[in-house]
Amino acid sequence: MPELITIAPVTRIEGHAKITIHLNAKGEVEDARFHVNEFRGFEKFCEGRLVWEMPGLTSRICGICPASHLVTSAKAGDDILAIGIPETAEKLRRMLTLAQWIQSHALSFFHLSSPDFLLGFEADPALRNIFGLLQHNKEFTRKGIRLRKFGQQIIEFLGGRRIHTPWAVAGGVREPFTKEERDKLLEWYPEVRETALLAVETIKKIHDTFKKEIPAFGNFHSLFVGLVGPKGELEYYGGNLRIMDSTGNIIADNIDPRKYYEHFGEASESWSYLKFPYYKPLGYPKGIYRVGPLARLNICNRIETPLAEQERKLFKKLAPTTESVNNSFYYHYARLIELLFAVEKVEELLHDPIILGTHVRSKAEINRLEGVGAAEAPRGTLFHHYWVDENGVLKKVNMLIATAQNNMAMNRTVRQIATHFLDGRKITEPMLNRIEAGIRCFDPCLSCSTHAAGQMPLHVQMVDADGYILDEVRR
Amino acid sequence: MAIKTLTIDGDQYSAQEGETILTVMRQHNIPIPTLCHLEGLSTVGACRLCVVQVEGIPKLLPACTTRVEEGMVIHTATDKLKKYRRMIIALLASEGNHVCAVCVANNHCELQELAYQVGLVRVRYPYLFPKKSLDATHKEYVMDRNRCVLCTRCVRVCDEVEGAHVWDVAGRGINCEIVTGLDDAWGKTETCTSCGKCVMVCPTGALFEKGVTVAEMEKQKGFLKYIITARQKKEWVSFTDGQ
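Read on for a plain summary of the structure. Worth saying up front: this structure is predicted, and the values here are computed from it rather than measured.

**So, the environment of A:P176**
Residue and element names in this part refer to chain A.
- Its location among the elements puts P176 in the loop between strand 5 (172-173) and helix 7 (179-209).
- C-alpha separation for the pair P176 and F157, spaced 19 residues apart in sequence, amounts to 9.7 Å.
- Not counting chain neighbours up to four residues away, the residues in contact with P176 comprise T88, G357, T358 and V360.

**Digging into the sheet that holds strand 3 (residues 51-54) of chain B**
All names here are of chain B.
- On the basis of which strands lie adjacent, the open sheet formed by five strands has the order 2-1-5-3-4 and mixed pairing. Sheet topology places strand 2 (11-16) and strand 4 (61-62) at the edges, where each strand pairs with a single neighbour.
- By the bridge criterion, two bridges tie strand 1 (residues 3-8) to strand 5 (residues 73-75) in an arrangement that is parallel. Within strand 5, the position partnered with T7 by the bridge is V73.

**Observations regarding the packing of helix 3 (residues 66-81) of chain A against helix 4 (residues 87-119) of chain A**
All names here are of chain A.
- One can describe the packing of helix 3 onto helix 4 by two numbers: an axis separation of 8 Å at closest approach and a directional angle of 150°. It follows from the interaxial angle that helix 3 and helix 4 lie roughly antiparallel. Like other packed secondary-structure pairs, helix 3 and helix 4 cross with a definite hand, here left-handed. Contact with helix 3, carried on its side by A67, S68 and V71, involves R93, L96, T97, A99 and Q100 of helix 4 and no other residues of that element.
- Of the residues in the contact of helix 3 with helix 4, the class split is four nonpolar, three polar and one charged.

**Here we look at the pairing of strand 6 (residues 223-228) of chain A**
Residue and element names in this part refer to chain A.
- By the criterion of burial, strand 6 is predominantly enclosed, with six of the six residues buried.
- Neither face of strand 6 is left uncovered, since the one carrying L223, V225 and L227 and the one carrying F224, G226 and V228 both have all their residues buried.
- Two elements, strand 6 and strand 11 (residues 289-290), share two bridges in a ladder whose sense is parallel. Bridge pairing links F224 to R290 in strand 11.

**What to know about the pairing of strand 2 of chain B**
- Bridge count between strand 1 of chain B and strand 2 of chain B: six bridges; the pairing is antiparallel. From the neighbouring strand, B:K4 faces strand 2 of chain B, where its bridge partner is B:A15.

Cut-offs and rules
The residue count restarts for each chain, going from 1 along the sequence in the order it is written. Following the order in which they are written, the chains are lettered starting with A and the ligands numbered starting with 1. Where totals are concerned, whole chains, interfaces and linings use all residues; where local detail is concerned, this predicted model gives features only for residues with pLDDT of at least 70, and gives and counts side-chain atom pairs only at 80 or more. By definition, any uninterrupted DSSP run of H or I lasting at least four residues is a helix, any uninterrupted run of E lasting at least two residues is a strand, and each is numbered from the N terminus. Residue pairs are scored as contacts if the distance between their C-beta atoms, which are placed from the backbone, is within 7 Å. Strand pairing is assigned whenever DSSP detects at least two bridges linking the two strands. Note on geometry: axes are lines fitted to C-alpha atoms, helical ones only across the stretch in contact, with angles between N-to-C directions running from 0 to 180 degrees. Relative orientations are named as follows: roughly parallel for angles under 35 degrees, roughly antiparallel for angles over 145 degrees, roughly perpendicular for angles from 65 to 115 degrees, and oblique for any other angle. Note on convention: near helix rotated counterclockwise from far helix by under a right angle means a left-handed crossing. Clockwise means right-handed. Under the scheme applied here, ten amino acids are nonpolar (Ala, Val, Leu, Ile, Met, Phe, Trp, Tyr, Cys and Pro), four are charged (Asp, Glu, Lys and Arg), and all others, including Gly, are polar. Our exposure labels follow a C-beta count within 10 Å of each residue's own C-beta, placed from the backbone: buried means 20 or more other C-beta atoms, exposed means 12 or fewer, and partly exposed covers the counts in between.

Structure (structure tokens):
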């Protein structure tokens, strides 16, 4: 009899979701879906507010990556004011974005994903977390926590607080950076660099340990989308969009991010609050694409900083030269290469005297009735698109969130892992954990992408063809 | 002028005839919360935060509008009064759309400060989430009715100090709203001199400068005392807030 297995809530991700696995009469996996069951409504209730308020409002979308929303929203504001921001402000915003990458990427690896890798998928779920990891390897865990703290500290120095700072504004930033703060960060830097390198070395060893799992961990063809710099380098704040296919061909390049809507559409399904963005020329669902670290590392020609560039070259060798790195498991490696890049780049910025400038904010009236901001959030490209009236009051808001853009890919990953690891009708905990781990590759942030609150629960249901729940596991 | 003697919270004070209870309390640094009251503007007794108990009188009286009488025995901080003050702030919070975390006046807001002062830790009343409008038509300032507590300071300062009388209150009961002109868009009123006095006396983030972001709107009220002193005494002395 056909059955349905439900994993709810999915744990150690940011937000609420469940996974359902549909089995046919033979007990084989027919379909698997990643359902996001939270709803936020930011796009709607921001209507009627002022464009100047949007960075502060939208940074409240998320407690993990508020700085990404803040910067992207401020950029949309710059576009509406139609002004260039002071050079110091841009460099400081860049530093904030990198700090966001450092803290979020460190959180994803050390706190959320590494327990699976270092303790094993079969480890006791009660211990398979950051606390279990602390018991297992105190020094490693402590370094990871401190690395995240470094990112948070930069955010606090710049914005006055670690979470939900309103510091970036349309026209620049509110406060300059001080020499004392810079010196404290430079003093901390050697430790941070060492931990970033340790993380990269650790994930490479993990690749050897999980040789059995990796081939079926979201290994499929899709497009890759992200921003690249003027010379095709890895970009995080500015640049233009590049779209690459699974064989490494650039199918669209140099796309002004302000025209994102010409290239990407959003489909909806009745079983999830998370939309399904797709690449318009290929339609839905063929236009499946991935964003985030794996995409960024695939599409860029090079990385500006030496240690990260060295790792990028090794990353590229994970796939034949005729292919992009298509396996979603390598999101982790790509993420840690980006972490290393962010750490190196922050040091470079800290040595740049311009960051100590005091002119950091330009002011202007409403000069355009429409504005788009785009930046690379830790999980992928983030777009904020606002329409205002001549007084700066928002008439319409559209936000295209990184996690949403990975929605189709996450569903594909869940289906692949379920098909590969599910044997018959017995739900085993390690099996379920592998499916969750598939989701964690993408480090999804569901609070952001649905524009909910609380922790991530995991709930798996086994449902027959008539919709009756035959077995259910919750935790 | 006759001198009146009275008792406030067990201590005896003397006051001049015609003075209000609030004036005497402020003279002697006896704390009491106020919201609609602002030194330099007329008194309306609208917010009822400064209500006190006077022995022999069954109802509560606002300290800002009640004149001292000989032999009055006044209590200003009983449990009942404290409870009522918390209720007033809770009702103000529930009937508007006050979201401190993203408000331009966060950390510089009198309503927020009063909530701390009266010990408001939760609002038991259901939030009404009223659909209120925002007027950004003025070149320099914005009016957000979501954050207005109808203290009418803007109405009074514009009428009594600036002399323009741009502001008024329209509607009845819970539907009352502040309006500019004859309910025209603020940017379209011919009477507004763009002096900004209304913005500076507004206790919340209802009136603010265009372009400010979260927690950036600090209100400087020293100008009011400066103008009043200059007019009444022909002395031009600057005052910073609270002095």
